[in-house]
Amino acid sequence: HWFPNVRKASTIRKNPSDFHGRCVFMSHINKEKGIEDLIAVSKLLPSNYTLDIYGEIKEDKYRNINFNESGITYHGVVSSEQVLKTLVEYDLLLLPSYREGYPGIIIEAMSVGIPCVSTYAGGIPEIVEDGYNGRLVIPGDVDAIKQAILSINATNYSQYSENALKKFEEEFESDK
């Protein structure tokens, strides 16, 4: 049997009542992952939202970008042992990919109760149910990304967080 991107349940959990607009991107930094869309959307978000980026820069044109000018903090690569500990410090995972397979980072985020704002690319709609455990937009639509981020807020965050964890436990927990 082949199980795509299953994970062990984590003992680390996001507090579902703790929403502060902290967004994180954790993936390779290149155009097809939507990094340019993230840069654009970061300039449109209210000042109380933050965006932190983790990952290896895969295209030279992004090596000289000053992410801070866009209100983004770049942290470099995070080790696999630190992924869950890092994710739990955030409220939303952002992955505005143009092309994708079956991204494990979304499953890891859900395993700690973090909803995702992503795109209708590849296998993502099999993981993220729009309006349930995250939000989905058409790739490249910066305004839709912004609206999706803002649609998950202090009022409904607890439900999105609980649904993310529930989806993980029902479909991606490796012991099940």
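Summary of the structure given here. Throughout this document, residue positions are counted from 1 along each chain, in the order its sequence is written. In keeping with the model being predicted, local features are shown solely for residues with a pLDDT of at least 70 and side-chain atom pairs are shown and tallied solely at 80 or more, while totals for entire chains, interfaces and linings include all residues. Each side-chain value is worked out from all heavy atoms of the structure, with water and hydrogens disregarded.

This part takes up the overall build of the protein. Check the secondary structure of the protein and you find six helices and six strands. Elements are defined by DSSP. Helices are runs of H or I of four residues or more, strands are runs of E of two residues or more, and each kind is numbered from the N terminus. Secondary structure elements of the protein, listed N to C terminal, follow the sequence β-α-β-β-α-β-α-β-α-β-α-α. Computed over its C-alpha atoms, the radius of gyration of the protein comes to 15 Å, within 12% of the 16 Å expected for a compact globule of 176 residues. Exposure categories follow from relative accessible area, calculated using a 1.4 Å probe and restricted to protein chains: below 20% of the type maximum is buried, above 50% is exposed, and the middle band is partly exposed. Out of the 176 residues belonging to the protein, those deemed buried represent 50%. In this setup the radius of gyration rests on C-alpha atoms only. A globule is expected at 2.2 Å times the number of residues raised to 0.38.

Among the eight residues in helix H1 (residues 35-42), six count as buried, and that is most of the element. Among all positions in H1, only Ile-35, Asp-37, Leu-38, Ile-39, Val-41 and Ser-42 are buried. In this fold, the buried residues of H1 make contact with strand E1 (22-26), strand E2 (50-54), strand E3 (72-74), strand E4 (92-95) and helix H5 (142-151). Pairs of residues are marked as contacts when any of their non-hydrogen atoms sit within 4.5 Å.

A word on the pattern of salt bridges. If charged atoms from side chains of opposite charge come close, those side chains can pair. One speaks of a salt bridge when a side-chain nitrogen belonging to Lys or Arg is within 4 Å of a carboxyl oxygen belonging to Asp or Glu. Following the criterion strictly, the structure yields 10 salt bridges and no others. Ionic pairing is found between Glu-36 and Lys-61, a salt bridge with its closest N-O pair at 3.3 Å. Taken together, the positions of Glu-36 in helix H1 and Lys-61 in the loop between E2 and E3 put the pair 25 residues apart, joining distant regions of the chain. Look at Glu-36 and you get partly exposed, because its relative accessible area is 33%. A salt bridge links Glu-171 to Lys-167; the nearest nitrogen and oxygen atoms lie 3.2 Å apart. Taken together, the residues span about one helical turn, with Glu-171 and Lys-167 both in helix H6 (residues 157-171) at a distance of four residues. With relative accessibility at 4%, the residue Lys-167 sits in the buried group. Because the salt bridges share partners, they merge into one network encompassing Asp-18, Arg-22 and Asp-91.

This part takes up the packing of helix H3 (residues 104-111) against H6. To get an axis, a line is fitted to the C-alpha atoms, and for a helix only the part in contact is used. The angle between two axes follows their N-to-C directions and goes from 0 to 180 degrees. Two numbers describe how H3 lies on H6: the axes approach to 7 Å, and their chain directions differ by 115°. As far as their axial angle goes, H6 and H3 are roughly perpendicular. The interaxial crossing formed by H3 with H6 has left-handed handedness. Every residue of H6 that contacts H3 at Ile-107, Met-110 and Ser-111 is listed here: Ala-164, Leu-165, Lys-167 and Phe-168. For the contact of H3 with H6, a count of residues per class yields five nonpolar, one polar and one charged. Put simply, angles under 35 degrees are roughly parallel, angles over 145 are roughly antiparallel, angles from 65 to 115 are roughly perpendicular, and the rest are oblique. With the far helix as reference, a near helix turned anticlockwise by less than a right angle produces a left-handed crossing, and one turned clockwise produces a right-handed crossing. In this count, Pro and Cys sit with the nonpolar residues alongside Ala, Val, Leu, Ile, Met, Phe, Trp and Tyr, while Asp, Glu, Lys and Arg are called charged and the others, Gly among them, polar.

As a further point, take the packing of H1 against H5. Close contact between H1 and H5 brings their axes to 9 Å; oriented N to C, the two are set at 65°. Relative to H5, H1 is oriented so that their crossing is right-handed. Judged by residue contacts, Asp-37, Ala-40 and Val-41 of H1 engage Val-142, Ile-145, Lys-146 and Ile-149 from H5. Looking at the contact of H1 with H5, its residues break down into five nonpolar, no polar and two charged.

A few words now on the sheet that holds E2. Strand pairing requires that DSSP identify at least two bridges connecting the strands. Here six strands make up an open sheet; going across it, the order is E3-E2-E1-E4-E5-E6 and the pairing parallel. The outermost strands of the open sheet, each flanked by one partner alone, are E3 and strand E6 (134-137). Each strand axis lies, on average, 25° off the axis of its neighbour in the sheet, ignoring direction. Summarising the sheet, strand E5 (residues 116-119) and E6 pair through four bridges and their orientation is parallel. Bridging across to E6, Val-117 finds its partner in Arg-135.

Let us now look at the nonpolar core. Counting residues in hydrophobic clusters, the biggest one holds 52 residues, and the most contacted among them are Leu-87, Leu-93, Ile-106 and Ile-149. Per-element accounting of this core gives the leading share, five residues, to H3. In contact with Leu-87, not counting residues within four places along its chain, are Val-24, Met-26, Leu-93, Ile-105, Glu-108, Ala-109, Val-112 and Ile-114. What makes a nonpolar core is a set of buried Ala, Val, Leu, Ile, Met, Phe, Trp, Tyr and Cys residues whose side-chain atoms join them at distances within 4.5 Å.

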